[in-house]
Amino acid sequence: VSSDRRTEFVLVCLDNVVVLTYTPRVFQVSKKDFDGFKKLFHRFLQVKGPSVDWPKIHRPPEDSIQPYDKIAALPLPDSLADSLNKLVVVKLNGGLGTSMGCKGPKSLISVRNENTFLDLTVQQIEHLNKKYNTDVPLVLMNSFNTDEDTKKILQKYTHHRVKIHTFNQSRYPRINKESLLPVATDIGMMGENADVWYPPGHGDIYASFYNSGLLDQLITEGKEYIFVSNIDNLGATVDLNILHHLVSQPNGKRCEFIMEVTDKTRADVKGGTLIQYDNKLRLLEIAQVPKAHVDEFKSVTKFKIFNTNNLWISLGAIKRLQEQNAMDMEIIVNPKTLDGGQNVIQLETAVGAAIKSFDNALGINVPRSRFLPVKTVSDLLLVMSNLYSLEAGSLTMSQKREFPTTPHVKLGSSFTKVQEYQTRFESIPDMLELDHLTVSGDVTFGKQVSLKGTVIIIANHGDRIDIPAGTILENKIVSGNLRILDH
């Protein structure tokens, strides 16, 4: 069957799942979602083989990735408020907290002093608006998984000096891996249909933002750029040096897209990197790399930087590219298995992949401190500890730590869920002098424990280790069984 006929057949199936008893508003949203899915599915059927020709990959030219120090060395103007008033902060807020054992949106997990990711974001922007007397709004891109819970919580920020807008990512149908037909039977989300829809990756931001009408509204209000980042990256704060660099470019050379990259460590070998391809700056993800070249891609010597997903993008350019249907992003095919055992695929795109569609795109090699994602409970321990100080919603590495690098922390399966983790620490240990921590098995920590150097604590199956209050562990391996019981 030709790809056109296959697309047509799938769309007939999709049209059949649209139930006309839904409100006109829901029908309209579904229609836009299906139009977007139609384009993506059609492209998926047409693309054959790897999306990159490996010999055509080159390192980016020197001037296409600027060192942050060079940009930060330029003096900031007195008119910073003018620049800030052109800016919108957009946070990607589509994810759930399931990987950390939490229900609901990940942005509502407490990360520091009872503050959630969303609290910290609002505090950061409010601080900017008060300090510079500006109007930087916050926009949240929700998914159908997070929208309802997020909107309920937004009421608590009514009296903060931040305007908050939301829009929703698209909702696409998962596809049967064998038949390539949609698994959904109607557009409802309940019962059997609960897991047959998905949000199609953060590359969907361009179409959803445009379709929501919010993009046009912000342009009308005089906004020119968005700063986009993952809401769980606590290092992604508004950087005035990057913003000034962006708005101070001469008109003919106006940069439409900046991607913040940072130096790779061994922990980041799978992260997407910037390359030069067909005379354009392009994001290369591990999923696009031919198997024979995966080890080369992971090499820290050849590909030295990776994408932090902190992006600065021109609103006018997004509008132009959407209206010209010229936004070009590679398709990510993500295989999943549903609860009933059915194998499906979901077609996704990544926001950074559109870099090649924008004029005068640039990478900026930023300090590692601008990449502080909280993906696991091990990450959560780091940001809750005295390694970081909190001011106006921003976390910065404590000046008391002698080394600027973050310790390597690996907590075992007993710590996977936030609730379990909280019961195992009476208080967060002092980690200012810690280099490496591995904890495995049934382990608890008393109050005011101090960890220094390399500390490895292993409780074998059936054993339990209680680290007593006030303990100082420096370059120690603790194993066996240690119980402390109330007398």
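What counts and how
Residues numbered from 1 in each chain as written. Predicted model: local features only at pLDDT ≥ 70, side-chain atom pairs only at ≥ 80, totals over all residues. Heavy atoms only, no water. UniProt positions renumbered as here; feature names shortened; annotations may be inferred. 1 Å grid on protein atoms, 1.4 Å probe; cavity = no way out; pocket = protein on both sides within 12 Å on 5 of 7 lines; lining within 4 Å. Points joined across faces, edges and corners; volume = space filled by probe spheres on them. Nonpolar A, V, L, I, M, F, W, Y, C, P; charged D, E, K, R; others polar. Helix = DSSP H or I, 4+ residues; strand = E, 2+ residues; numbered from the N terminus. Contact = heavy atoms within 4.5 Å. Buried < 20%, exposed > 50% of the residue type's maximum accessible area, 1.4 Å probe, protein only. Polar contact = N/O pair within 3.5 Å; in protein donor to acceptor, adjacent residues only side chain to side chain. Pairing = 2+ DSSP bridges. Axes fitted to C-alpha atoms, helices over the stretch in contact; angles between N-to-C directions. Right-handed = clockwise from strand over helix to strand, strands pointing away. Phe/Tyr/Trp six-rings, centres within 6.5 Å; stacked < 30°, edge-to-face > 60°. Arc of directions from axis to C-beta. Salt bridge = Lys/Arg side-chain N within 4 Å of Asp/Glu carboxyl O.

- Looking up the protein in an unreviewed UniProt entry gives the name UTP--glucose-1-phosphate uridylyltransferase, with the organism given as Oncorhynchus mykiss.
- Entered under Sequence similarities (unreviewed entry) in the UniProt record, the comment concerning the protein runs "Belongs to the UDPGP type 1 family."

1. Overview of empty space enclosed by the protein
Okay, step 1: If you walk through the whole model with that rule in mind, you get 1 cavity of 30 Å³ or more.
Okay, step 2: Here the largest cavity defines a volume of roughly 50 Å³.
Okay, step 3: In terms of lining residues, the largest cavity is bounded by Lys91, Phe117, Leu120, Thr121, Gln124, Ile231, Asn233, Leu234, Ala236 and Thr237.
Okay, step 4: Looking at the lining of the largest cavity residue by residue, the classes come out as 5 nonpolar, 4 polar and 1 charged.

2. What about the UniProt feature "binding site: substrate" (unreviewed entry) in the protein?
Okay, step 1: Taking the numbering used here, the UniProt-annotated feature "binding site: substrate" (unreviewed entry) corresponds to His202.
Okay, step 2: For His202, the position within the fold is in the loop between strand 9 (197-198) and helix 7 (205-212).
Okay, step 3: Beyond its immediate chain neighbours, meaning those up to four positions away, His202 contacts Leu92, Met141, Gln169, Asn230, Asn309, Thr349, Ala350 and Val351.

3. Describing the side chain of Glu330
Okay, step 1: Its place among the elements puts Glu330 in the loop between helix 11 (315-323) and strand 15 (332-337).
Okay, step 2: Residue Glu330 is classed as buried on the basis of its relative accessible area, which comes to 11%.
Okay, step 3: Here the side chain of Glu330 touches Arg282 through a polar contact of 3.2 Å, side chain to side chain.
Okay, step 4: Separated by 2.4 Å, the side chains of Glu330 and Lys356 make a polar contact.

4. Remarks on the sheet that holds strand 20 (residues 408-411)
Okay, step 1: Spatially, the 4 strands line up as an open sheet ordered 20-21-23-25, and their pairing is parallel. Taken across any chain shown, the strands that pair with only one partner, and hence form the sheet edges, are strand 20 and strand 25 (472-479). Pairs of neighbouring strands in the sheet enclose a mean axial angle of 15 degrees, with direction left out of account.
Okay, step 2: Across 4 bridges, strand 20 lies against strand 21 (residues 430-440) in parallel orientation. Paired with Leu411 across the two strands is Val439, which belongs to strand 21.
Okay, step 3: Sheet contacts for helix 12 (residues 377-384): strand 20 and strand 21; angle to strand 20, the most-contacted strand, approximately 130 degrees.

5. Here's the deal with the pairing of strand 20
Okay, step 1: Alternating positions in strand 20 separate cleanly, Val409 and Leu411 being buried on one face and His408 and Lys410 remaining unburied on the opposite face.
Okay, step 2: Traced from strand 20 through helix 13 (residues 418-424) to strand 21, the parallel crossover comes out left-handed.

6. Focus: the packing of aromatic side chains
Okay, step 1: Going through the model one piece at a time under the given rule, you end up with 15 aromatic pairs.
Okay, step 2: Taken together, a centroid distance of 6.2 Å and an interplanar angle of 70 degrees make the contact between Trp54 and Phe303 edge-to-face. With Trp54 in the loop between helix 2 (24-46) and strand 1 (65-67) and Phe303 in the loop between helix 10 (294-298) and strand 14 (305-314), this pair connects stretches of sequence that are 249 residues apart. In this structure, Trp54 and Phe303 share a single accessibility class: buried.
Okay, step 3: Look at Phe306 and Phe371: their rings are 5.1 Å apart centre to centre, the planes differ by 80 degrees, and that puts the pair in the edge-to-face class.

7. Focus on helix 6 (residues 147-154)
Okay, step 1: For helix 6, the full list of buried residues reads Asp147, Thr150 and Leu154. Seen along its axis, helix 6 keeps its buried residues to an arc of 70 degrees; they face one direction. Within helix 6, the exposed residues directed more than 90 degrees away from the buried face are Glu148 and Lys152.
Okay, step 2: Considering only its buried residues, helix 6 is in contact with strand 2 (87-93), helix 5 (117-132), strand 5 (138-142) and strand 6 (164-168).

8. So, the pattern of salt bridges
Okay, step 1: Counting across every chain of the model gives 23 salt bridges.
Okay, step 2: Of the charged contacts in the structure, one is a salt bridge between Lys31 and Asp35, with a shortest N-O distance of 3.2 Å. With Lys31 and Asp35 both in helix 2, this residue pair falls 4 residues apart, about one helical turn.
Okay, step 3: Exposure remark for Asp35: the relative accessible area of 35% places this residue in the partly exposed category.
Okay, step 4: Between Asp359 and Arg320 there is a salt bridge whose closest N-O contact spans 3.8 Å. With a gap of 39 residues between them, Asp359 in the loop between strand 16 (343-348) and strand 17 (362-365) and Arg320 in helix 11 connect regions that are remote in the sequence.
Okay, step 5: Overlapping salt bridges, with partners in common, bring together Arg282, Asp328, Glu330 and Lys356 in one network.

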